[in-house]
Amino acid sequence: MSASISDPFLLSSYALPSASSSSSFKHKTHILANQEHPSSSDSFVTVAVQRDGVHVLDPSTLHPAISYTLGPSTSFSCSPVSRTTRVDGVKKCTTYVVVDSSPDIKSDERGRTVWIWEEHLSGGVMSGDAPRTKKSVLLPHPVSHIHLLDSLPERVLLVRENGSIAISDMQLSIRARWRASSQGVVVVCFLRHADTLQVSVVAIDPKDNVQNVASCILDEQKVLEATCSSAGYLSVLTSSGIWHSFQLESDGADLSLSPHISSLRLKGLTFLPSSQPQSYTHASEIAVAALGSAHALLVGISASSSPELVLLLWDLQYGVLLASHTCAVPSSLNRTKKDGSTLMLVAREHAAQRAAGDGHVSRSSILVVPVSVPRESTIAHAMGRANAGARWLVSDSTPKAEVEGVDPAQAKLLRVMRKEIDQSRPEGAEKAFFEWAGRDPSLEHIFVKQVLDIVFRNEHTRSGGAIPYSPKVLRYLLDRRAVSSAMVVGGLLPQSAAMALIAVIDIPEDDMVLSLRIAIVHHHQTHAAADDSMQVDPAPSASDLPSLHDLLALCISYPSSPGALRVALRTHLPDAVDLVPILAILDRWVARGCAEDAPFLSDTHLKDAHDGRPPDGVPPLDKVLAFLQALLDASFLALLSHPPAHAVLRTLSARLQPALALHNTLVQLRGPLQPFAAAHARAVRDAARGPSAPKADMRVDWRKRKRAAHERAELALGLYQVEELVL
């Protein structure tokens with residue numbers, strides 16, 4: 001499963017209280033939210049809203065399942081938690097919240113009082129017939145975090161601000177604090193001491209024993225976010241944008257905590273300090289959440305003239321960006337340039353940010369982000385993603401004396417080409433390259449990749465325009481088949497698409513269909529210019545991109561996977577208006593293929609059999625039909641809803657129905673005609689080889705030739721099967 005991020009949508013929002021009426025809530029976060037079991041189908045989002053109450057929300061229905069209204073005098077210390085269980089076939093939801101202030105508790109009980117509700121659910125919401133149960137428990141010490149444990153379903157974890165841990169049962173009776181043990185649940189604590197951060201790992205076993213098993217010290221002054229996944233991957237994000245990652249490992253007896261990869265240094269987000277005098281820094285506009293294995297989701301606001309909500313899915317094991325998504329900042333965030341907003345697993349604002357007498361009603365909002373994450377972190381998902389996060393990472397600008405993996409002559413050429421391209425002189429880069437190429441050089445993978453990095457340096461701009469790439473160098477490398485699509489960030493297409501689809505063997509279906517989309521846009525522009533009688537300027541041309549007819553023929557002839565092709569067509573060509581020109585071309589090719597006779601052995605075929613290219617650039621009929629099937633599978637409903645496409649669909653159906661009927665009739669002759677078909681194929685193959693190709697010695701008896709061929713086949717490695725037996 002590939003990684004993907006979709007547009008966030010609103011789950012719930014709550015009005016912010018005014019600053020004049022909430023002086024006692026000045027420094028409290030308005031919304032405290034938690035989702036303890038995100039992988040469960042019964043997973044609820046539990047929300048505590050200051051001066052309002054506790055709400056249990058169902059993301060699958062976008063409605064509250066349970067609500068407890070507590071009044072404007074109630075505040076909370078930390079995020080609430082809830083757990084759904086089944087008892088005798090009845091679904092029950094238990095909710096815990098730590099109360100900081102309320103008319104029902106004393107001042108010395110603030111932060112130590114926990115309210116527990118037990119609610120029976122019917123149809124995903126609370127049952128009106130069942131009695132509502134509320135219990136108040138007074139703990140011996142204040143609680144800063146409360147957690148429910150998957151591995152210990154009958155236990156509740158209570159954490160104090162000093163990092164000490166207490167284990168209790170479901171009714172919050174303390175069972176253990178700090179004792180000796182080894183196995184069980186692992187708890188990670190992040191403790192700040194002066195200018196250092198201590199990462200402590202604690203193990204809790206089913207017998208309620210606790211042991212400190214590992215620790216690590218970071219010399220960081222301010223930590224903004226910290227995450228830990230169930231697979232043992234930890235991350236710490238600092239205010240300077242440095243993202244540390246660690247891995248908790250076990251050798252069978254002991255646990256150890258060690259840095260996993262070199263730290264990432266983020267850029268382009270509003271929580272980072274800026275060198276611009278008129279820009280604002282918002283340390284609260286950042287959030288990180290662990291998504292299992294080594295994956296982490298980072299949410300922030302882009303530091304640009306038009307700020308956007310940025311969603312980045314990272315693989316911390318390999319330090320690569322798997323997926324990203326940007327969208328306009330939702331209006332429900334009420335974000336201002338000066339004050340900003342606060343991002344967490346939910347997006348919220350501080351109550352203190354709203355001034356007294358503010359005319360508009362500010363709100364805190366909970367957004368749901370649909371994310372697809374691979375089950376495990378693997379090298380297969382990370383391959384080709386090394387430069388995907390370049391926009392958000394600070395690159396190492398330290399110049400290297402020599403380029404690794406190339407000889408001195410190649411390193412000198414790379415420096416010259418880079419200088420010429422940076423100065424917008426691609427002709428100078430081409431001249432230096434071809435002077436070097438005239439000495440019959442070798443084209444190793446590392447050298448070719450670095451040449452392509454220089455050729456496609458479009459991320460650098462000068463005077464508002466992109467630096468032009470060097471097409472001659474690219475064509476030279478394509479002619480020698482030294483280029484692969486993975487060498488270029490973003491793929492080779494549409495640059496030199498005609499040559500790339502012939503000389504490169506690993507072009508993904510996504511890039512091919514994206515090039516088709518560019519060609520279709522140019523096709524629409526050309527026809528619009530031709531239909532406009534007042535058009536005096538020539539229509540714009542897509543540089544280095546063949547016509548739609550030629551590009552479609554190349555894409556159809558290129559090897560592809562039907563599943564990936566359907567996904568690419570559905571993603572990049574969702575509009576039926578763009579599909580009609582493709583269907584019209586396919587209809588002409590199907591008509592031509594159905595009208596052609598079978599290629600029997602004629603003088604023309606004997607003369608041209610050695611030329612493997614189809615006449616007039618028309619792909620073979622079988623590949624045309626395969627592409628047509630993928631297109632209809634991906635977009636048939638869109639075509640049905642577009643009336644101009646009906647005519648070409650009816651024409652295609654009228655052409656294919658007789659061919660299908662003929663095929664069903666001729667398939668009955670497949671067995672009797674098999675020897676003749678084999679003899680015909682052998683004759684065509686011999687004609688394609690030409691008169692100079694070696695032929696079988698007809699003086700040898702056919703029985704001996706057959707026996708010799710059989711013996712050679714026995715010596716060769718035929719079909720084989722690999723099996724694995726797991727005991």
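Below: a short report on this structure.

Cut-offs used in this document
- Residues numbered from 1 in each chain as written.
- Predicted model: local features only at pLDDT ≥ 70, side-chain atom pairs only at ≥ 80, totals over all residues.
- Heavy atoms only, no water.
- Pairing = 2+ DSSP bridges.
- Helix = DSSP H or I, 4+ residues; strand = E, 2+ residues; numbered from the N terminus.
- Axes fitted to C-alpha atoms, helices over the stretch in contact; angles between N-to-C directions.
- Core = buried A, V, L, I, M, F, W, Y, C linked by side-chain atoms within 4.5 Å.
- Buried < 20%, exposed > 50% of the residue type's maximum accessible area, 1.4 Å probe, protein only.
- Contact = heavy atoms within 4.5 Å.
- Phe/Tyr/Trp six-rings, centres within 6.5 Å; stacked < 30°, edge-to-face > 60°.
- Lys NZ or Arg CZ within 6 Å of the ring centre and 35° of its normal.

**A short note on the sheet that holds strand β14 (residues 156–159)**
- Taking strand neighbours across the sheet as the criterion, the four strands line up as β13-β14-β15-β16 in an open arrangement whose pairing is antiparallel. Both edges of this open sheet fall to β13 (145–148) and β16 (174–176), since each of them pairs with a single strand only. Each strand of the sheet is rotated relative to its neighbour by a mean of 35°, with strand direction disregarded.

**Here we look at the nonpolar core**
- Ranked by size, the top nonpolar core spans 71 residues in total, and within it Phe433, Leu586 and Phe627 carry the most contacts.
- Here this core gets eight residues from one element, more than from any other, and that element is helix α10 (residues 576–595).
- Discounting chain neighbours no more than four positions away, the residues touching Phe433 are Leu413, Met417, Val451, Val473, Tyr476 and Leu477.

**Here we look at the packing of aromatic side chains**
- Scanning all chains against the criterion turns up eight aromatic pairs.
- Residues Trp436 and Phe447 carry aromatic rings whose centres are separated by 4.8 Å and whose planes lie at 45° to one another, so their mutual orientation is tilted. Of the two residues, Trp436 sits in helix α3 (residues 426–437) while Phe447 sits in helix α4 (residues 445–455), which places them 11 residues apart along the sequence.
- You can call Phe447 buried: its relative accessible area is 0%.
- Aromatic rings pair up to connect Phe433, Phe434, Trp436, Phe447 and Tyr476 into one cluster.
- Against the face of Trp115 rests Lys134, its NZ or CZ located 3.8 Å from the ring centre.

**A closer look at the pairing of strand β10 (residues 113–122)**
- β10 sits mainly inside the fold: seven of its 10 residues count as buried.
- Sheet topology note: the strand β9 (residues 90–101)/β10 ladder contains nine bridges and is antiparallel. Residue pairing for β10: Val99 is matched across the bridge by Thr113.
- Of the pairings in the sheet, the one linking β10 to strand β12 (residues 133–138) comprises six bridges and is antiparallel in character. Its bridge partner being in β12, Trp117 is matched across the sheet by Lys134.
- Across two bridges, the pairing between β10 and strand β11 (residues 125–126) is antiparallel. Residue pairing for β11: Leu121 is matched across the bridge by Met126.

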